[in-house]
Amino acid sequence: MFQVLNNGSDVSGAIKSITPIEYRMNDDYTFELPEVYIGTTSSGFSVGDTITVKQNESAQVSFYVAAIEYDYATQMYSLRCPHILHRLTKYRVGVLTVEWSGISPSYAQYNNQSGVGQGQLIWGRQYYQVLFLIQMLIRKATGLAVASIDVSVGEKPSFYYTTAWDPLMGWVSEWRNYATLGVSLQSLARLGSKKHTDHPATDFETAYAKPNCLELLRWLCASCALSIDIFRADYQVVEIDISAPPSDSATMGKRSLALEMYRNYIGVAARLETGSFDYIYGEYDDMGHFQPYTYGVPGADYSILPYQAESIDTGTPDPKVLSMTYPNMFKLYFVNDRGDYRSGIYDIADGENGLNWLDMWVAQLAGHWMNVGTRYVYEIIAPGLQYRHRRVEIDVATRKMTYEVLA
């Protein structure tokens, strides 16, 4: 039995129709949020209301009312309701602030040292832990407390690692868990910028051109091969996987569809060409005044340097390409948590093979998709609000679910 709540109040009796809820992952690991249309005879809805489709306290999915239209022929109101995380489109990355979290974070989650006397070190000490930033963004859209958002995936090993030379043991590799992944605060502030003047600019055209916070959330999840279970009240962050097929007794329908396999897997990113410390964007003069590095203008101090990673499946003859282009300045780092202000970020690097974070991401992407040539589309009855990987569609009116299984 499903309920429909409007700002927490049960309005199920006034709901006459609701379109299916579709949530899917793109092949590059970015997600596409659902949007539903609700038909009702009630005039008691307003733009901005929170609409929750609820199965029980733990299984629910939330939307907000973006537009209301009235059909005089049917005497019905039609509510257009994007998923609640779509509220993040209102905020540009430049306004992102730790106050969104509602807590005082630990150094494992966040640091923002800015003392002039710390020189270059301050830049590495200005970071967000990726999972904490995801929690912040979900909280901003939903109002849910950071501590209530499930990021227990952080204890699992990621596909990112370091390989460094040890005089006694030779090359040593260490796989790091998701909780150690971070991003630079200063890089986020300049995300997508083409010139150094874009960052402090307040004019509408420049400010509006900056990425919004929903785009940032999609890039964070994609770069870690993580997704958000929007059908759980705790918005559990989970690893992207391939769902298991249902039992024969639960299957109402099944279709088999061929997938054209990819040959080339490509990731593209771009950073300032400042050497190993590519999260540094300026320096302080003798008077303690910040002097930004210039880029994107004639005679600039530095250029924006694009870089690319590629994996090729030589066993696939068709020249189909799966590519992902991250915005300028986007990059993942490791967080070295010392438990105090000295905690900082450092490069994800395989020193033996000369690989960086983007190389590792492309290798993971290729490993996920190589040899996948079929998708099975299953239809099952009455599963409730449950997430399935790659694509799931839940029709609460008919109690049916359609989802894909890759093989």
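Above: the structure in question.
Since the model is a prediction, treat every value here as computed from it, not as a measurement.

A few points about the packing of aromatic side chains
For step 1, the next point in the chain: With the rule as written, the count across this model stands at 26 aromatic pairs.
For step 2, the next point in the chain: Aromatic pair tyrosine 23 and phenylalanine 231: ring centres 6.3 Å apart, planes at 70°, arrangement edge-to-face. Within this pair, whereas tyrosine 23 is found in strand β4 (residues 21–25), its partner phenylalanine 231 is found in the loop between β16 (226–228) and β17 (237–239), the two being separated by 208 residues in sequence.
For step 3, the next point in the chain: Centre to centre, the rings of phenylalanine 159 and tyrosine 160 are 4.4 Å apart; their planes meet at 35°, and the pair counts as tilted.
For step 4, the next point in the chain: Phenylalanine 159 sits in the buried class, given a relative accessible area of 11%.
For step 5, the next point in the chain: The class of tyrosine 160 is buried, set by a relative accessible area of 0%.

Some words on helix α2 (residues 130–142)
For an α-helix, the turn length of 3.6 residues means that residues three or four places apart are oriented alike.
For step 1, the next point in the chain: Helix length check: α2 (13 residues) gives 18 Å between terminal C-alpha atoms against 18 Å at 1.5 Å per residue, within 8%.
For step 2, the next point in the chain: Taken across its 13 residues, α2 has 10 buried, putting it largely inside the fold.
For step 3, the next point in the chain: Val130, Leu131, Phe132, Leu133, Ile134, Gln135, Met136, Leu137, Ile138 and Ala141 are the residues of α2 that are buried.
For step 4, the next point in the chain: Among the residues trailing α2, glycine 143 stands out with phi positive, at a value near 85°.

So, the sheet that holds strand β28 (residues 374–381)
For step 1, the next point in the chain: Read from one edge of the open sheet, six strands run β5-β4-β29-β30-β28-β18, paired in antiparallel fashion. Unpaired on one side and paired on the other, β5 (31–32) and β18 (251–258) mark the two borders of the sheet.
For step 2, the next point in the chain: Relative to strand β30 (residues 400–406), strand β29 (residues 391–395) runs antiparallel, the two being bridged by four bridges. Bridging across to β30, glutamate 393 finds its partner in threonine 402.

A look at the pattern of salt bridges
In a structure, side chains of opposite charge can pair up when their charged atoms sit close to one another.
For step 1, the next point in the chain: Tallied over the full model, the rule gives 16 salt bridges.
For step 2, the next point in the chain: With a closest N to O distance of 2.8 Å, lysine 331 and aspartate 278 form a salt bridge. With lysine 331 in the loop between β23 (321–325) and β24 (333–336) and aspartate 278 in the loop between β19 (264–272) and β20 (282–284), the pair connects residues that are 53 residues apart, well separated along the chain.
For step 3, the next point in the chain: Given a relative accessible area of 9%, lysine 331 falls into the buried group.
For step 4, the next point in the chain: One salt-bridge network, in which partners are shared between bridges, spans Asp27, Arg375, Arg390 and Glu404.

Remarks on the sheet that holds strand β1 (residues 3–6)
For step 1, the next point in the chain: Pairing is antiparallel in the open sheet, where four strands are placed in the order β2-β1-β7-β8. A single partner strand is all that each edge strand has here, and the edge strands are β2 (9–10) and β8 (60–64).
For step 2, the next point in the chain: Where β1 meets strand β7 (residues 50–54), four bridges bridge the pair, whose relative direction is antiparallel. The partner of leucine 5 across the bridge, within β7, is threonine 52.

Describing the side chain of threonine 30
For step 1, the next point in the chain: For threonine 30, the position within the fold is in the loop between β4 and β5.
For step 2, the next point in the chain: Under the relative-accessibility criterion, threonine 30 is labelled buried at 4%.
For step 3, the next point in the chain: Among the polar contacts made by the side chain of threonine 30, one reaches the side chain of arginine 218 at a distance of 3.5 Å.
For step 4, the next point in the chain: Discounting chain neighbours no more than four positions away, the residues touching threonine 30 are Arg24, Met25, Arg218, Ala222 and Met324.

Observations regarding helix α6 (residues 357–369)
For step 1, the next point in the chain: For α6, spanning 13 residues, the distance from its first C-alpha to its last is 19 Å, which sits close to the expected 18 Å at 1.5 Å a residue.
For step 2, the next point in the chain: The set of residues buried in α6 consists of Trp357, Leu358, Met360, Trp361, Val362, Leu365, Ala366, His368 and Trp369.
For step 3, the next point in the chain: The distance from a side-chain oxygen at the start of α6 to the backbone nitrogen of leucine 358 is 2.9 Å, and the residue carrying that oxygen is asparagine 356.
For step 4, the next point in the chain: Once α6 ends, the next one or two residues include asparagine 371, with phi positive near 75°.

Quick notes on the environment of glycine 94
For step 1, the next point in the chain: For glycine 94, the position within the fold is in the loop between β10 (76–82) and β11 (110–112).
For step 2, the next point in the chain: Judged by its relative accessible area of 45%, glycine 94 is partly exposed.
For step 3, the next point in the chain: For the pair formed by glycine 94 and alanine 250, sequence separation is 156 residues and the distance between their alpha carbons is 48 Å.

Quick notes on the rules
Residues numbered from 1 in each chain as written. Predicted model: local features only at pLDDT ≥ 70, side-chain atom pairs only at ≥ 80, totals over all residues. Heavy atoms only, no water. Phe/Tyr/Trp six-rings, centres within 6.5 Å; stacked < 30°, edge-to-face > 60°. Helix = DSSP H or I, 4+ residues; strand = E, 2+ residues; numbered from the N terminus. Buried < 20%, exposed > 50% of the residue type's maximum accessible area, 1.4 Å probe, protein only. Expected span 1.5 Å × (residues − 1). Pairing = 2+ DSSP bridges. Salt bridge = Lys/Arg side-chain N within 4 Å of Asp/Glu carboxyl O. Polar contact = N/O pair within 3.5 Å; in protein donor to acceptor, adjacent residues only side chain to side chain. Contact = heavy atoms within 4.5 Å.

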